[in-house]
Amino acid sequence: MANQEAGPCYMYCASNFNFSARRWSNGIEQATDMNSHRAILPLQLLFCLVCCSLASQADCRTTHYHDFVVAPTNYTRLCSSKNILTINGKFPGPTLYVNKGDRLIVNVVNLAPWPLTIHWHGLLNPGNPWSDGPEYITMCGIPAGTNFTHDLHLSQEEGTIWYHAHRMTRFGFEHGKTYLLRLVNGAMATGHFFGIANHTLKVVGRDGSYLKPFDTDFVVISPGQTMDILVQANQTEGLYYIGLNPYIAVNETLYYDITVTTALVEYEGSNTTSQTSIPFPDLPGVLDTTAAYDFVVQERSLASEEHPIDVPMEVDSRFMFTVSMNLQRCPNDSCKGILGTRFSASMNNVSLANPSIDVLDAYYQHVQGVYTTDFPSYPPYLYNFTDDDLPDSLRYPEIGTRVKVLNYNETVEIVYQGTAVLQAINHPMHLHGYDFYVVGRGLGNFDPDEDPLNYNLVDPPRENTVGVPYGGWAALRFRANNPGVWLLHCHFERHFTWGMATVFIVKNGPTNETSMLPPPSYMPKCSDAEIIDNNGGYDPSYQ
C-alpha cells in the first residue's frame with residue numbers, strides 16, 4: 001500500500017536500544033542512527049509520534065497505511081549467524097512517522113513458522129483493545145501464513161513510543177548543534193545506565209509525555225521505557241565514548257551479561273588520529289540502586305497550559321499489589337530447578353495462567369469459565385515484604401486467570417510493593433491502554449498512613465511503565481476511562497511468562513463514545529494458533 005506522508009511534523013527514531021541523533025538546521029531535520037551490538041529481541045522496534053505544531057489539527061489528522069511482512073531472515077552479528085524475524089526485511093523494522101490525532105492502519109502478514117502478535121507499546125487506542133496485541137489477553141496469535149490488520153488511533157501521545165512482538169558505531173556531531181536522542185530499552189531482563197563522556201544530558205520526555213527538563217550525567221531506563229534527551233555538542237573537537245551499562249540491582253552478576261556496550265561520538269572536522277585517549281562516561285555500577293533511585297525521583301511533568309495533567313485527587317479504589325519471584329511445584333519433583341521445581345512469578349501471590357481463549361473475546365462474548373473476577377485487591381499475607389529471611393511457604397503462589405473489574409471513569413490508585421521472596425529485584429511494571437501518574441516512590445515497605453502524605457499530586461510524571469525500586473515501592477494513579485480488557489505485567493520477559501501479570505476489565509461508559517468498539521470480523525481464533533511442535537511453537541534457531 002502507498003503510505004501517507006506524515007505531514008509537516010515528523011521525527012526520526014530507532015529501536016531495541018538503538019539511539020537516534022536528531023539535528024535541526026534551518027527547519028530541516030537531519031538524522032543518523034546507531035545500533036547496539038546486542039540485538040536481543042528482533043521484533044523490538046520503535047514507533048514515534050509528535051504533536052503537530054506547524055499545522056492545524058485538521059491538517060494533522062491523516063490516515064496512514066502500512067504493510068508489515070514478518071518473515072525469517074538470516075543475520076550475521078559478531079561472527080555468528082542466526083535466523084531472526086524481521087519486518088519488511090529490516091532490522092530494526094520500519095520507523096513510523098505520525099502526528100498527534102492521526103490514524104494508523106497496519107496490515108501484519110505473518111510469514112513466521114508460528115503464530116505471533118504485535119503490541120503497540122504506549123499507544124492508548126481509546127475504546128479499541130482489539131488491536132492492542134498481547135496474546136491470550138486481547139487476541140490469539142496471528143496464524144502462520146495469515147494476516148491481521150491493526151486499526152490504531154493516536155490520542156494524547158507525544159514524543160516516543162514503540163511496538164514489539166509480545167557493533168561499534170560512530171556518530172558525526174557538528175560542533176554547536178543540539179541533538180535529540182530517543183532511547184528505547186528493548187532489553188528483556190535488565191535496566192541500563194546510559195551516558196556520553198564529558199557531555200551533559202538534558203532529559204525532556206519519558207514514555208511519550210514531556211517532563212520538566214533537568215540535567216544529568218547519566219540516565220537509567222528500564223525495559224519497556226522510552227526517554228527523550230537533548231545533548232549539546234559543545235566540547236573540544238575529538239572522539240567521546242557513549243556507554244551503556246546494565247543495571248541489575250541483585251548481587252548475582254554471574255548470571256547476567258554485564259558487558260558495557262559502547263559507541264563513539266566524533267566531532268566533524270576533528271583530527272582524531274592524534275588523539276591519545278578517548279574519554280569514557282562515568283556510569284554507576286551494575287548494583288547501584290541508590291543512583292537509579294536518585295535519578296527517577298527527579299522526574300516531573302510539565303503541568304503547563306499547553307501540556308496539562310489530570311491527576312485524580314479523589315480515589316475510588318485503592319489496590320496494593322506485591323510483585324514477587326516464586327517457585328512452582330512439578331509432578332514428582334520432576335523439574336530441574338530448586339527442589340525439583342520451576343521458576344514462577346506472581347502479583348498478590350497469584351501467578352497468571354494463560355486461558356484457553358483470550359480474555360477479551362471471553363468478556364465480549366460472555367463466555368463462562370475462562371477467567372474469574374476475584375483478583376485480590378491486597379496481598380493475601382501481610383509480612384515484612386523486604387526482609388531477606390522469609391518463610392518458604394511464601395515461595396509458592398496460586399495459579400489462575402484472575403482479573404480485576406473496574407467501572408468506567410473509576411479513579412484508581414495502585415501501590416506496587418517489591419518483595420524479597422526468593423529474590424528481591426526491580427520490576428518495570430507496564431499497563432496497556434493507559435498512561436498513569438507516578439505519585440510516589442520509596443525504599444522499604446510502603447506505609448499507608450505516612451507515605452501518601454508525601455505524594456506528588458502537583459506535577460507527577462506521566463508514564464506507561466514504572467520501575468518498582470529494588471526493595472521498595474511505587475504508587476500510581478489513573479482514571480479508568482478507556483473501556484476494554486488491558487494487560488498489566490512486568491516487562492522483564494521471563495517474569496511475565498512466569499506469571500507476574502494480571503488483567504483489568506474496564507466496563508463501558510454510558511454512551512457510544514465511552515464504550516468499547518465491536519471486534520473486527522477477522523480476529524484470529526485461538527484454535528488456529530495452537531502449538532503444533534515439541535518446542536511450544538518456538539524454533540531454537542531464532543534465539
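What counts and what doesn't
- Residues numbered from 1 in each chain as written.
- Predicted model: local features only at pLDDT ≥ 70, side-chain atom pairs only at ≥ 80, totals over all residues.
- Heavy atoms only, no water.
- Helix = DSSP H or I, 4+ residues; strand = E, 2+ residues; numbered from the N terminus.
- Buried < 20%, exposed > 50% of the residue type's maximum accessible area, 1.4 Å probe, protein only.
- Areas by Shrake-Rupley, 256 points an atom, 1.4 Å probe, with all protein chains shown as cover.
- 1 Å grid on protein atoms, 1.4 Å probe; cavity = no way out; pocket = protein on both sides within 12 Å on 5 of 7 lines; lining within 4 Å.
- Points joined across faces, edges and corners; volume = space filled by probe spheres on them.
- Nonpolar A, V, L, I, M, F, W, Y, C, P; charged D, E, K, R; others polar.
- Disulfide = S-S within 2.5 Å.
- Pairing = 2+ DSSP bridges.
- Axes fitted to C-alpha atoms, helices over the stretch in contact; angles between N-to-C directions.
- Core = buried A, V, L, I, M, F, W, Y, C linked by side-chain atoms within 4.5 Å.
- Contact = heavy atoms within 4.5 Å.
- Patch = residues over 30% accessible without salt bridge, like charges linked within 9 Å, V, L, I, M, F, W, Y side chains within 5 Å.
- Salt bridge = Lys/Arg side-chain N within 4 Å of Asp/Glu carboxyl O.
- Phe/Tyr/Trp six-rings, centres within 6.5 Å; stacked < 30°, edge-to-face > 60°.

1. Considering the overall build of the protein
So, point 1. Within the protein, the regular secondary structure consists of four helices and 32 strands.
So, point 2. Across the 543 residues of the protein, 57% fall into the buried class.
So, point 3. With the model as given, the accessible surface of the protein reaches about 22,500 Å², and the carbon-plus-sulfur share is 48%.

2. Details of empty space enclosed by the protein
So, point 1. One number sums up the size of the largest cavity: a volume of about 200 Å³.
So, point 2. As for the largest cavity, its lining consists of 18 residues, and the residues nearest its centre are S222, Y247, A292, V296 and G467.
So, point 3. The element contributing the most residues to the lining of the largest cavity is helix α2 (residues 289-296), with four residues.
So, point 4. Taken together, the residues of the lining of the largest cavity sort by class into nine nonpolar, five polar and four charged.

3. Thoughts on the state of the cysteines
So, point 1. What the rule picks out here adds up to one disulfide.
So, point 2. Through a disulfide, C330 is tied to C335; the S-S separation comes to 1.9 Å. The S-S bond linking C330 to C335 shows a torsion near -95 degrees; that makes this disulfide left-handed.

4. With respect to the sheet that holds strand β24 (residues 404-406)
So, point 1. Taken together, five strands build an open sheet; the order of strands is β24-β32-β31-β26-β29 and the sheet is mixed. A strand with exactly one partner marks an edge of an open sheet, and here the two such strands are β24 and β29 (465-468). Each strand of the sheet is rotated relative to its neighbour by a mean of 20 degrees, with strand direction disregarded.
So, point 2. In the sheet, strand β26 (residues 427-431) pairs with β29 via four bridges, with the strands oriented antiparallel. Within β29, the residue paired with H427 across the bridge is V468.

5. Focus: the nonpolar core
So, point 1. Counting residues in hydrophobic clusters, the biggest one holds 39 residues, and the most contacted among them are F68, I118, W120 and V503.
So, point 2. Leaving out residues up to four positions away in the same chain, I118 has contacts with F68, V70, I87, V108, D132, G133, H150, Y163, H164 and A165.
So, point 3. The next biggest cluster of nonpolar side chains, apart from the first, holds 34 residues, and it includes L183, F193, F194 and A249.

6. Topic: a nonpolar patch on the surface
So, point 1. A cluster of nonpolar residues, I338, L339 and F343, forms a patch on the protein surface that exposes about 300 Å² of accessible area.
So, point 2. Counting through the fold element by element, L339 comes out in the loop between β20 (317-328) and β21 (342-347).
So, point 3. Overall, the relative accessible area of 65% leaves L339 in the exposed class.

7. Thoughts on unusual backbone geometry
So, point 1. The amide bond that connects F91 to the next residue, P92, takes the cis arrangement and shows omega of -5 degrees.
So, point 2. Here P92 is to be found in the loop between β5 (80-87) and β6 (97-99).
So, point 3. Even without being a glycine, N349 presents a positive backbone phi close to 65 degrees.
So, point 4. Examined against the element boundaries, N349 turns out to sit in the loop between β21 and β22 (350-352).
So, point 5. A residue is classified by how much of its surface remains accessible, and N349, at 11% relative accessible area, is buried.
So, point 6. The residue N409 is not glycine, and still its phi comes out positive at about 70 degrees.

8. Digging into α2
So, point 1. With six of its eight residues buried, α2 lies for the most part within the structure.
So, point 2. If you check which residues of α2 are buried, you get T289, A291, A292, Y293, F295 and V296.

9. Some remarks on the packing of aromatic side chains
So, point 1. A complete count under the given rule lists 22 aromatic pairs for this structure.
So, point 2. Where F148 meets Y522, the ring centres are 5.3 Å apart and the plane angle is 65 degrees; that geometry is what we call edge-to-face.
So, point 3. Overall, the relative accessible area of 38% leaves Y522 in the partly exposed class.
So, point 4. Cluster of aromatic residues (ring-pair linked, three or more members): F319, F321, F375, Y434, F478, W486 and F504.

10. Details of the pairing of strand β10 (residues 159-165)
So, point 1. Where burial is concerned, most of β10 is hidden: seven out of the seven residues are buried.
So, point 2. Where strand β8 (residues 118-121) meets β10, four bridges bridge the pair, whose relative direction is antiparallel. Looking at the pairing, H121 lines up with W162 of β10.

11. Digging into the sheet that holds β5
So, point 1. Strand order in this open sheet of four strands is β5-β4-β7-β9, and the pairing throughout is mixed. Where the open sheet ends on each side, the last strands, each with one partner, are β5 and β9 (147-153). When the angles between neighbouring strand axes are averaged without regard to direction, this sheet yields 20 degrees.
So, point 2. Relative to β5, strand β4 (residues 63-77) runs antiparallel, the two being bridged by eight bridges.

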